[in-house]
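Analysis of the macromolecular model
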Amino acid sequence: MAPIYDCSVDSELLSGMRLARAAIGRGELVVIPTDTVYGVAADAFNPAAVQRLLDAKGRGRQSPPPVLIPGIPTLAALAEVVPQAVTDLVREFWPGGLTVVLPAQPSLVWDLGETRGTVALRMPSDTIALELLSETGPLAVSSANLTGEPAARTAAEADGMLGDSVEVYLDGGEAGAAYGPVDAKDSSSTIVDATALAAGTGPLRILRHGVISEEQIRAVVGDQLAAAEKIAEPTETPSDA
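My aim in this report is to walk through the structure given alongside it, one point at a time. The shown structure was predicted, so the numbers you read here are calculated from the model rather than taken from an experiment.

Thoughts on the overall build of the protein
Within the protein, the regular secondary structure consists of eight helices and ten strands. The buried share among the 241 residues of the protein stands at 51%. When the accessible surface of the protein is summed, it comes to about 10,400 Å², and 51% of that surface belongs to carbon and sulfur atoms. Looking at the protein, you have 16 positive and 32 negative side-chain charges, and the mean spots of the two groups are 4 Å apart.

See below:
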């Protein structure tokens, strides 16, 4: 049975973080708290680890995981183009519950799945997640649940679904408490697709409504955000911590 470390206890925090770093380095999976939901994390630059993450969740390569990063400067290192509107959004909402999809740097040596040359990036607002990211670098992180099940908001919920497929669980208390439920569902991040804007072929689009509202986004970028439209339910809902 994989251990759960209570990060409110100093000794467990130190042990849990040390073991989490080591597990990531070995290509294993770690469950971490974020400000939205709990995430299952893997080394973004280790293809076998990313595949292990997808297998643990029961997801295919057509649903690549987002990448959590430790700070805004990493955005330019991983994205080929960062439009000014995206810069404005991340300055307003990072660290926090906004995920942006951008063209990935073509020089990156990674395999996140069938990304079509894009990457979904977020800087979380959680001290445990940020401390781990500062030591490991970018992590592929998807919500810590089985596909089709509600996103975990506690380490225990994540353990109940993912079990021994994860090496270390870091318990940071209830996730998403600062945001509350969104549409009576969960507290997942809002996903904004900026690929058309980066290519000069269209505006920003909201792929998934989450803790950052459309009104908040429009207040920053104005008419660079596409007009509100009914978003069809995808075959497989994007899953992001």
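Points about the nonpolar core
The nonpolar side chains of a soluble globular protein tend to be buried, and buried together. Membership of the largest hydrophobic core comes to 34 residues, with the highest contact counts inside it found for V67, L75, W94, L98, L121, L204 and I217. Elements that contribute at least two residues to this core include exactly α3 (73-78), α4 (84-93), β5 (98-103), β6 (118-122) and α8 (214-221). It is α4 that contributes the most residues to this core, five residues altogether. When neighbours within four sequence positions are excluded, L121 is seen to be in contact with V67, I69, L75, L78, A79, W94, L98, T99 and V100. With 21 residues, the next largest nonpolar core counts C7, A41, I128 and L139 among its residues.

Things to note about unusual backbone geometry
Here the bond from W94 into P95 is cis, since omega is -10°, no more than 30 degrees from zero. Turning to its location among the elements, P95 is positioned in the loop between α4 and β5. One non-glycine residue, R116, lies in the positive phi region at around 55°. On the basis of relative accessible area, R116 is assigned to the exposed category, the value being 76%.

Side note on the packing of aromatic side chains
A complete count under the given rule lists one aromatic pair for this structure. Residues F45 and W110 carry aromatic rings whose centres are separated by 5.2 Å and whose planes lie at 25° to one another, so their mutual orientation is stacked. Placement of F45 in the loop between β3 (39-43) and α2 (47-57) and of W110 in the loop between β5 and β6 is noted, with a sequence separation of 65 residues between them. The partly exposed category is assigned to F45, whose relative accessible area is 35%. Look at W110 and you get buried, because its relative accessible area is 18%.

Quick look at the pairing of β5
The buried fraction of β5 amounts to six of the six residues, a majority that puts the element mostly inside the structure. In terms of strand pairing, β5 meets β6 through four bridges, oriented antiparallel. Residue pairing for β6: V100 is matched across the bridge by L121.

Considering the pattern of salt bridges
Counted by the stated rule, this structure contains six salt bridges. D35 is the salt-bridge partner of R122, the closest N and O atoms lying 3.0 Å from each other. Here R122 is found in strand β6, whereas its partner D35 is found in the loop between β2 (30-32) and β3, with 87 residues between them in sequence. Close ionic contact of R218 with E214 constitutes a salt bridge, the shortest N to O distance being 3.1 Å. Remark: E214 and R218 occur in helix α8; sequence separation between them is four residues, near one turn of the helix. When its relative accessible area of 17% is taken as the criterion, E214 is described as buried.

Focus: the environment of I32
Looking at where I32 falls in the secondary structure, it is placed in strand β2. We classify I32 as buried; its relative accessible area is 1%. Linking I32 and L108, residues 76 residues apart in sequence, is a C-alpha distance of 25 Å.

Reading guide: rules and limits
- Residues numbered from 1 in each chain as written.
- Predicted model: local features only at pLDDT ≥ 70, side-chain atom pairs only at ≥ 80, totals over all residues.
- Heavy atoms only, no water.
- Helix = DSSP H or I, 4+ residues; strand = E, 2+ residues; numbered from the N terminus.
- Buried < 20%, exposed > 50% of the residue type's maximum accessible area, 1.4 Å probe, protein only.
- Areas by Shrake-Rupley, 256 points an atom, 1.4 Å probe, with all protein chains shown as cover.
- Lys, Arg positive; Asp, Glu negative; His and termini not counted.
- Charge placed at Lys NZ, Arg CZ, Asp CG, Glu CD.
- Core = buried A, V, L, I, M, F, W, Y, C linked by side-chain atoms within 4.5 Å.
- Contact = heavy atoms within 4.5 Å.
- Phe/Tyr/Trp six-rings, centres within 6.5 Å; stacked < 30°, edge-to-face > 60°.
- Pairing = 2+ DSSP bridges.
- Salt bridge = Lys/Arg side-chain N within 4 Å of Asp/Glu carboxyl O.

Interpretation in functional terms is not warranted from these geometric data alone.
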